Amino acid sequence: MESMAIADRLRAEFPEEILQSYTNQGQVAVIVRPGRIVALLRWLRDTDGVRMDHLRSLCGVDNLRRKDSESSRFEVVYNLYSIPLRHAIRVRASVGDKDPVIDSVAGLWAGADWLERETYDLFGIRFNNHPDLRRVLLPDDWVGYPLRKDYPLKGKGEWIGMTELLAKVKELDRFDFDPERHERGRTAPSQEDEQ
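Residues numbered from 1 in each chain as written. Predicted model: local features only at pLDDT ≥ 70, side-chain atom pairs only at ≥ 80, totals over all residues. Heavy atoms only, no water.

Visitor: I'd like a rundown of helix H2 (residues 37–46), residues and numbers included.
Guide: For H2, the set of buried residues is Ile-37, Leu-40, Leu-41, Trp-43 and Leu-44. On an axial view of H2, the arc spanned by its buried residues comes to 150°, and they lie on one face. Looking at the buried residues of H2, the elements they touch are helix H1 (3–13), strand E1 (18–24), strand E2 (27–32), strand E4 (74–82), strand E5 (87–96) and strand E6 (101–103). (Buried < 20%, exposed > 50% of the residue type's maximum accessible area, 1.4 Å probe, protein only. Helix = DSSP H or I, 4+ residues; strand = E, 2+ residues; numbered from the N terminus. Arc of directions from axis to C-beta. Contact = heavy atoms within 4.5 Å.)

Visitor: Would you mind going over the packing of aromatic side chains in detail, with residue names and values included?
Guide: When we look at a pair of aromatic rings, we describe it by the centre distance and by the angle of the planes. Throughout the structure, instances matching the rule amount to two aromatic pairs. Ring geometry for Phe-14 against Trp-43: centres 6.4 Å apart, planes inclined by 85°, an arrangement best described as edge-to-face. One end of the pair, Phe-14, is in the loop between H1 and E1; the other, Trp-43, is in helix H2, and 29 residues separate them in sequence. Summarising the burial analysis for this pair, Phe-14 and Trp-43 share the class buried. The ring of Trp-114 carries the charged tip of Arg-117 above its face, separated from the ring centre by 5.0 Å. (Phe/Tyr/Trp six-rings, centres within 6.5 Å; stacked < 30°, edge-to-face > 60°. Lys NZ or Arg CZ within 6 Å of the ring centre and 35° of its normal.)

Visitor: An account of unusual backbone geometry is needed here, citing residue identities and associated values.
Guide: For residues other than glycine, phi is negative in most cases, and the peptide bonds are mostly trans. Even without being glycine, Gln-25 reaches a positive phi, approximately 50°. As for its position among the elements, Gln-25 is in the loop between E1 and E2. Gln-25 gets classed as exposed once you look at its relative accessible area, which sits at 81%. The backbone of Arg-51 sits at a positive phi, close to 40°, despite the residue not being glycine. Inspection of the secondary structure assignment puts Arg-51 in the loop between H2 and strand E3 (54–62). Of the residues examined, Arg-51 reaches a relative accessible area of 31% and is grouped as partly exposed.

Visitor: Before we move on, can you summarise the side chain of Arg-148 with the specific residues and values?
Guide: Locating Arg-148 in the fold gives a position in the loop between strand E7 (126–128) and helix H4 (162–172). No salt bridge is formed by the buried Arg-148, whose closest oppositely charged neighbour, Asp-150, lies at an N-O distance of 5.5 Å. If we ignore the near neighbours within four places in the chain, the residues touching Arg-148 are Asp-62, Arg-73, Phe-74, Pro-100, Leu-122, Phe-123 and Gly-124. (Lys, Arg positive; Asp, Glu negative; His and termini not counted. Salt bridge = Lys/Arg side-chain N within 4 Å of Asp/Glu carboxyl O.)

Visitor: A description of the pattern of salt bridges should follow, citing residues and the corresponding values.
Guide: Under the defined criterion, the tally for this structure stands at nine salt bridges. Notably, a salt bridge pairs Arg-73 with Asp-62, separated by 2.9 Å at the nearest N-O pair. With Arg-73 in the loop between E3 and E4 and Asp-62 in strand E3, the pair connects residues that are 11 residues apart, well separated along the chain. In terms of burial, Arg-73 and Asp-62 fall into one category: buried. One network of salt bridges, with partners in common, ties together Asp-62, Arg-73 and Asp-150.

Visitor: Which residues make up the side chain of His-130, and what are the values?
Guide: Structurally, the position occupied by His-130 is in the loop between E7 and H4. At a separation of 3.2 Å, a polar atom in the side chain of His-130 contacts the main-chain amide nitrogen of Leu-133. Ignoring sequence-local partners within four residues, the contact set of His-130 consists of Ser-104, Asp-113, Glu-116 and Arg-117. (Polar contact = N/O pair within 3.5 Å; in protein donor to acceptor, adjacent residues only side chain to side chain.)

Visitor: Report on the packing of H1 against H2, specifying residues and quantitative values.
Guide: As a packed pair, H1 and H2 sit with axes 11 Å apart at the nearest point and diverge in direction by 135°. As judged from the angle between their axes, H1 and H2 are oblique. Where H1 crosses over H2, the two elements pack in a sense that is right-handed. Along its contact with H1, which presents Ile-6, Arg-9, Leu-10 and Glu-13, the element H2 presents Leu-40, Trp-43 and Leu-44. The residue makeup of the contact of H1 with H2, split by class, is five nonpolar, no polar and two charged. (Axes fitted to C-alpha atoms, helices over the stretch in contact; angles between N-to-C directions. Parallel < 35°, antiparallel > 145°, perpendicular 65-115°, else oblique. Left-handed = near helix turned anticlockwise from the far one by under 90°. Nonpolar A, V, L, I, M, F, W, Y, C, P; charged D, E, K, R; others polar.)

Visitor: Go over the environment of Leu-40, please, and point to the residues and values.
Guide: Mapped onto the secondary structure, Leu-40 falls in helix H2. Its relative accessible area of 0% is what places Leu-40 among the buried residues. In contact with Leu-40, other than residues within four places in its own chain, are Leu-10, Phe-14, Glu-17, Ile-18, Val-32 and Val-91.

As structure tokens, then:
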């Protein structure tokens, strides 16, 4: 089935949820309201002739500097693919401006778990009913969301845990790793290492 035909079937099934469908560089995309995202994506996954059984990727988007005023600031983008039927579609869910939130799809695709955590960590987009929504890349005490367009390029000052990290690095310096010595294949510790 052609991807635009899938978008048309999706519009027929969820007429109130579809804001727009279009093709860009050969890829069909559908912009949707976030309210019924789980039902909409489940329909794409489970419907005969569609069978989007693979979540290729899930990511956040910050449209802060976008020229058109129709888009909300934040979106969650789902790139779906049908392995047996070999067709794809992109679903873009607008999630708002000030408090971006959408339901988790980790119950549909297990791989969404970490992708949603990454999106939360870097964009601050929250996922309702996520089994373990916490930071995955940045330390727990990190302030802000670095992939937001208004996040300062140099960060928001020194990270609070930097002092502790530098102290740990200094403590671990005694286990110095010398790549040149490693390349020579030296396995036995020297007298210097034993001290």
